[in-house]
Amino acid sequence: MTGGVNSRMDHANIKEGQNPLAGRGLVDSRISVRLLVASSNPGKLREFRALSASDPNDLAINIDLLSGFDQLAPFDESAPTFAENAAGKALYYSGFAQEPVVADDSGLVVPALDGAPGVHSARYAGPHASDAERVGKLLRELRATGNGDRRARFVCVIALARYGQAWCVLSAVAEGEILDEPRGAGGFGYDPIFYFPPLKKTFAEMSGEEKNLHSHRGKAFRKLRDFLLSSPRL
Ligand code: ITT
């Protein structure tokens, strides 16, 4: 969905010399773009902020939470795919903002559970459940299958929209395995049971930098950065 949408990039949001770091002489030649994240999940926001701060390229992405997000009627995320939910969220919330809005729909796909929790990852153990309750339910369900297949995949779809028009929808995955018990105190959500074989750690045992390097969200974010960098307006 990236083709043909670059022309919608509005130069008003991409300002040379307006990067807050520029005054410190750190990134004076960089071009900045401000993106508003529409999310109720502090873990996602924290990761987007870290990802944008560590960007080594010529583009400085400044991340802020969409102002007044908590007061808006929530978007109904009932579509069967991550892409539809991410695009729907970005389009809906872009109606409340003057600047480009980023939405992330993500979750954990477990083949032995027929893809659950999948798009229902946030509400898997009920609307008000804690991360620990979601993790507990997943471990119980997986044990109950008696299936030795522990494969799991984190999926992240990021959508960018402005004034009700979609600019891009980008996705990425991280492949791993579900452990029998949680390990680690970092990250959020299902991170303590998601083991990443190349680093021999769960996502919750990794540093923020390590998770962002290997995670579904980190990879999707770098695609977003590449999309922005390829804009003829930049
Ligand atoms: P918003 O829709 O407001 O952004 P949300 O938490 O409801 O927040 P989703 O509908 O995309 O977001 O659900 C994603 C769920 O998947 C999230 O609540 C976690 O339980 C899980 N999840 C996604 N990314 C994760 C990650 O990096 N680590 C651990 N769990 C993750």
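Anyway, here's the lowdown on the structure attached to this text. Residue positions within a chain follow its written sequence, with the count starting from 1. With the structure being a predicted model, the display of local features is reserved for residues of pLDDT at least 70 and the display and counting of side-chain atom pairs for 80 or more, all residues being used for whole-chain, interface and lining totals. Side-chain figures throughout are based on the complete set of non-hydrogen atoms in the structure, without hydrogens or water.

### Let's talk about the site of the ligand
Okay, step 1: Nearness of a residue to a molecule or strand requires only that one of the residue's heavy atoms be within 4 Å of it. Near the ligand, the surroundings consist of 20 residues, among which Ser39, Ser40, Lys89, Asp191 and Lys211 are the closest.
Okay, step 2: Within 3.5 Å is the distance limit for a polar contact, defined as a pair of N or O atoms, with the added protein rule that one can donate a hydrogen and the other accept it, and that residues adjacent in sequence qualify only through two side-chain atoms. Ser40 has a polar side-chain atom sitting 2.7 Å from an oxygen atom of the ligand.
Okay, step 3: Between the ligand and the protein, one listed contact pairs an oxygen atom with a backbone N or O atom of Ser106 at 3.0 Å.
Okay, step 4: Of all the cavities here, the one that holds the ligand is the largest pocket. Grid points spaced at 1 Å over the protein atoms alone were grouped into cavities, where a 1.4 Å probe fits but cannot get out, and pockets, open sets with protein on both sides within 12 Å along at least five of seven lines, with lining residues defined by an atom within 4 Å of a point. Here the criterion for a molecule occupying a pocket or cavity is that more than half of its atoms lie within 2 Å of the pocket grid points.

### Quick look at the layout of surface pockets
Okay, step 1: Grid points are joined across faces, edges and corners, and a volume is the space filled by probe spheres set on the points. As a volume, the largest pocket reaches approximately 940 Å³.
Okay, step 2: Lining the largest pocket are 41 residues, and of these Ser40, Asn41, Lys44, Glu77 and Ala122 sit closest to its centre.
Okay, step 3: Secondary structure elements with two or more residues in the lining of the largest pocket: helix 1 (42-53), helix 2 (82-94), strand 4 (101-109), helix 3 (131-145) and helix 5 (216-229).
Okay, step 4: Broken down by element, the residue count for the lining of the largest pocket peaks at 5 residues, all from strand 4.
Okay, step 5: Looking at side-chain class alone, the lining of the largest pocket contains 15 nonpolar, 12 polar and 14 charged residues.
Okay, step 6: In this structure, the second largest pocket spans a volume of roughly 330 Å³.
Okay, step 7: If you go around the second largest pocket, you meet 20 residues; those closest to its centre are Ala50, Leu51, Gly208, Glu209 and Asn212.
Okay, step 8: Comment: elements are numbered from the N terminus, with helices defined as DSSP H or I runs of at least four residues and strands as E runs of at least two. Mapped onto the lining of the second largest pocket, the elements with two or more residues apiece are helix 1, helix 4 (208-214) and helix 5.
Okay, step 9: Here the lining of the second largest pocket gets 5 residues from one element, more than from any other, and that element is helix 4. When residues are grouped by polarity, Ala, Val, Leu, Ile, Met, Phe, Trp, Tyr, Cys and Pro land in nonpolar, Asp, Glu, Lys and Arg in charged, and all others, Gly among them, in polar.

### Some details on the packing of helix 1 against helix 5
Okay, step 1: All axes are obtained by fitting lines to C-alpha atoms, using only the stretch in contact for helices, and the reported angles, taken between N-to-C directions, cover 0 to 180 degrees. Two elements in contact, helix 1 and helix 5, have axes separated by 10 Å at closest approach and are oriented at 50°. In terms of axis orientation, helix 1 runs oblique to helix 5. Considering only the axes of helix 1 and helix 5, their crossing is right-handed. Together, Lys44, Glu47, Phe48, Leu51 and Ser52 of helix 1 and Arg217, Gly218, Phe221 and Arg222 of helix 5 make up the contact between the two elements.
Okay, step 2: Broken down by class, the residue content of the contact of helix 1 with helix 5 amounts to 3 nonpolar, 2 polar and 4 charged. Note that the term roughly parallel is reserved for angles under 35 degrees, roughly antiparallel for angles over 145, roughly perpendicular for angles of 65 to 115, and oblique for everything else. For any pair of crossing helices, the crossing counts as left-handed if the nearer helix is rotated counterclockwise from the farther one by less than a right angle, and right-handed if it is rotated clockwise. We call two residues in contact when some of their heavy atoms are within 4.5 Å.

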